[in-house]
Amino acid sequence: MDKQKLLNDYKKQEDKILLAQVLDKIEFSNQRDKLEYTDFLDMYQISLVRNFMKKIEFTNYILYGGFENAERNILIIYPEKYDKNMIEKNYSKILKVIRVILGEEEKGKYCHRNYLGGIVKLGIKREKVGDILVSDDGADILVKEEMADSLKQELGTLTRFENAKFELIELNNLRKQEIKVEELNIIVPSLRLDNFVSDLAKTSRSKATNIIDSERVFINGQNETKVSKQVKIGDIITIRGKGRFVVKEFCGNTRSGRFIVKIEKYI
């Protein structure tokens, strides 16, 4: 396998570094005949890795974040001898959950930003932590097994969590994700992606184009850089830093011919 040749098509240095790590994991898995896995990948990296695996025609991998539809996944490379059941049995050895149980005074006051901000304050890189599932009385934080104990202890040193309790739990006890949505209608001149990004991100068309060009927009989990991409009913549009939106229904047209679109925004 000529790694350099495979990576020549990628211009971004961070992309080359990630894909070089992926190739190393494949090589190690073959040599050692065991599972190999990465840190947590964000949506852009997941899309990049999926396309790369298709390009090199490699299929012995799984992207997994602890539950169905997790936004952040680890990449698991496995040897030929493994079947699906064998891989699933290893999930609990790879990932753990830190459950934060808030004190009475903090319940209902903390959002995703409070938990992530605390983790960042501890000097922990974002790729070391997966999804954070927030509820009124606390949160479940997905982490790799090897850092679960230390992060659990360090979270307890933060002032914001001085009245909280922390537990390490198994994946099968992960709380169900509480999905809250806000329904809204937008009006766009056409079904092009740049029109949707402009309205949903509350910005100009030119800035929307910049957001798309900077690879911050995803449709159904796949990075999309084509501003003229036609949006369809059922599409899930994610704009990094702005949120996730589901295209629910085309509700007709205005007198000037613009499209009225019903959207559900995850909140």
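Reading the values: rules and limits
- Residues numbered from 1 in each chain as written.
- Predicted model: local features only at pLDDT ≥ 70, side-chain atom pairs only at ≥ 80, totals over all residues.
- Heavy atoms only, no water.
- Buried < 20%, exposed > 50% of the residue type's maximum accessible area, 1.4 Å probe, protein only.
- Helix = DSSP H or I, 4+ residues; strand = E, 2+ residues; numbered from the N terminus.
- Pairing = 2+ DSSP bridges.
- Contact = heavy atoms within 4.5 Å.
- Axes fitted to C-alpha atoms, helices over the stretch in contact; angles between N-to-C directions.
- pLDDT = per-residue confidence, 0-100.
- Lys, Arg positive; Asp, Glu negative; His and termini not counted.
- Salt bridge = Lys/Arg side-chain N within 4 Å of Asp/Glu carboxyl O.
- Parallel < 35°, antiparallel > 145°, perpendicular 65-115°, else oblique.
- Nonpolar A, V, L, I, M, F, W, Y, C, P; charged D, E, K, R; others polar.

1. Quick notes on the pairing of strand 1 (residues 36-41)
Regular strands place their side chains on alternate faces of the sheet.
Right, so step 1: Among the 6 residues in strand 1, 5 count as buried, and that is most of the element.
Right, so step 2: Here strand 1 runs beside strand 3 (residues 73-77); their pairing, made up of 4 bridges, is antiparallel. In the sheet register, tyrosine 37 faces strand 3, and the bridge partner there is isoleucine 76.

2. Description of the sheet that holds strand 11 (residues 236-239)
Right, so step 1: Spatially, 6 strands are ordered 8-13-12-11-9-10 in an open sheet, and the strand pairing comes out antiparallel. The sheet is open, and its two edges are formed by strand 8 (181-188) and strand 10 (222-223), each paired on a single side.
Right, so step 2: Across 8 bridges, strand 8 lies against strand 13 (residues 259-266) in antiparallel orientation. Paired with glutamate 182 across the two strands is lysine 265, which belongs to strand 13.
Right, so step 3: Sheet strands touched by helix 7 (residues 193-200): strand 8, strand 9 (217-219), strand 11, strand 12 (243-253) and strand 13. Its angle to strand 8, the strand with the most contacts, is close to 125°.

3. With respect to the confidence of the model for the chain
Right, so step 1: Scored by pLDDT, the chain has a mean of 94; 100% of the residues are at 70 or more.
Right, so step 2: Looking over the chain, one finds the lowest element-wise mean pLDDT in helix 1 (residues 3-7), namely 87, and the highest in helix 7, namely 98.

4. Regarding the side chain of arginine 72
Right, so step 1: Looking at where arginine 72 falls in the secondary structure, it is placed in the loop between strand 2 (61-64) and strand 3.
Right, so step 2: One buried charged residue, arginine 72, remains without a salt bridge, the closest side chain of opposite sign being aspartate 42 at 5.1 Å.
Right, so step 3: For arginine 72, the residues in contact, after removing those within four places along its chain, are Phe40, Leu41, Asp42, Gly65, Arg126, Glu127, Val129, Gly130 and Asp131.

5. Description of the pattern of salt bridges
Right, so step 1: Inspection of the entire model under this criterion finds 20 salt bridges.
Right, so step 2: A salt bridge links lysine 3 to aspartate 24; its shortest N-O distance comes to 2.5 Å. Of this pair, lysine 3 sits in helix 1 while aspartate 24 sits in helix 2 (residues 13-32); the two residues are 21 residues apart in sequence, bridging distant segments of the chain.
Right, so step 3: For arginine 175, the salt bridge identified is with aspartate 140, shortest N-O distance 3.3 Å.

6. Notes on the packing of helix 7 against helix 8 (residues 205-213)
Right, so step 1: Put simply, helix 7 and helix 8 touch, their axes get as near as 8 Å, and they point 105° apart. For the element pair helix 7 / helix 8, the angle class is roughly perpendicular. Where helix 7 approaches helix 8, its residues Leu193, Asp194, Asn195, Val197 and Ser198 are matched on the opposing element by Arg205, Ala208, Thr209, Ile211 and Ile212.
Right, so step 2: The class makeup of the residues in the contact of helix 7 with helix 8 is 5 nonpolar, 3 polar and 2 charged.

7. Remarks on the sheet that holds strand 2
Right, so step 1: The 3 strands are arranged 1-3-2 in an open sheet whose pairing can be described as antiparallel. Of all the strands in the sheet, the pair left with one neighbour each is strand 1 and strand 2. Taken over all neighbouring pairs, the strand axes of this sheet differ in orientation by 15° on average, direction set aside.
Right, so step 2: The sheet contact formed by strand 2 and strand 3 spans 4 bridges and is antiparallel. Within strand 3, the residue paired with leucine 63 across the bridge is leucine 75.
Right, so step 3: Against the sheet, helix 3 (residues 43-56) makes contact with strand 1, strand 2 and strand 3, and its axis sits at roughly 140° relative to strand 1, the strand it touches most.

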